[in-house]
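Architecture and fold: a report
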Amino acid sequence: VINDGKVLLTRQYRLFLNGLSMEIPAGKVNENESPEVACLRECYEETGVKCGNPKALLNYNPDLEYTRNYTQIYYTDEVLELPRDSKTHLWLSLDTCYEYIFEEKISDSLSLIALLGFCKKFGNTLK
């Protein structure tokens, strides 16, 4: 999600890290649910931010040997409603996201692929 020149990240507790991780909102597509509806639902569930009009960014397979987890990444700049509570999410500039990647503050593969894919497709700046 892009809003006001910044990227939306969720704060997720991860057992492996024994702490919080900064990630793009993500999750599973439920039965009888389209990927577009799932991305809007997951974003709202994880951050409280309501969005609309998701657009496909890229698709990939994280593993071609042992698991099936075909992944579809969407983006949107249509923010319909922002929550009052900001404990579940944060907004960062792309430059800060890149710094956090190399400082290993953003380290999950889904977020890395999404951020770098967005940069490749649209450039290094957000509108």
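It should be noted that the structure appears before, not after, this text.
The numbers attached to residues start from 1 for each chain and follow its sequence in the written order. Totals for whole chains, interfaces and linings use every residue, but because this is a predicted model, local features are given only for residues with pLDDT of at least 70 and side-chain atom pairs only at 80 or more, for both listing and counting. Heavy atoms from the whole structure form the basis of all side-chain values; hydrogens and water molecules are not counted.

**Comments concerning the packing of aromatic side chains**
Centre distance within 6.5 Å is the pairing criterion for rings of Phe, Tyr and Trp, where only the six-membered ring of Trp is used; planes under 30 degrees apart are then read as stacked, over 60 as edge-to-face, and the remainder as tilted. Here the structure, examined in full by the defined rule, presents 3 aromatic pairs. Their ring planes at 75 degrees and their centres at 5.8 Å tell us that Tyr75 and Phe118 sit as a pair that is edge-to-face. Of this pair, Tyr75 sits in strand β6 (residues 71-75) while Phe118 sits in helix α3 (residues 109-122), and the two are 43 residues apart along the sequence. Tyr75 sits in the buried class, given a relative accessible area of 18%. Arranged with centres 4.7 Å apart and planes meeting at 40 degrees, the rings of Phe118 and Phe122 form a pair that is tilted. Taken together, the residues span about one helical turn, with Phe118 and Phe122 both in helix α3 at a distance of 4 residues. Note on exposure labels: buried denotes an accessible area under 20% of the residue type's maximum, exposed denotes more than 50%, and partly exposed covers the range between, all computed with a 1.4 Å probe on protein chains only. Given a relative accessible area of 37%, Phe122 falls into the partly exposed group. One aromatic cluster is present, formed by Tyr75, Phe118 and Phe122 through successive ring pairs. Helix and strand assignments come from DSSP, with helices taken as H or I runs of at least 4 residues and strands as E runs of at least 2, each series counted from the N terminus.

**Side note on the environment of Glu45**
Of note, Glu45 is situated in helix α1 (residues 35-47). Residue classification places Glu45 among the exposed positions, given a relative accessible area of 52%. It is 22 Å that separates the C-alpha atoms of Glu45 and Phe16, two residues lying 29 residues apart in sequence.

**Notes on α3**
What sets the pattern is the α-helix's 3.6 residues per turn: residues three or four places apart point alike. The first and last C-alpha atoms of α3 sit 20 Å apart over 14 residues, in line with the 20 Å expected at 1.5 Å per residue. Listing the buried residues of α3 in full gives Leu110, Ser111, Ala114, Leu115, Gly117, Phe118 and Cys119. Downstream of α3 by one or two residues, Gly123 has phi in the positive range, about 95 degrees. Each helix should span, by expectation, one fewer than its residue count multiplied by 1.5 Å.

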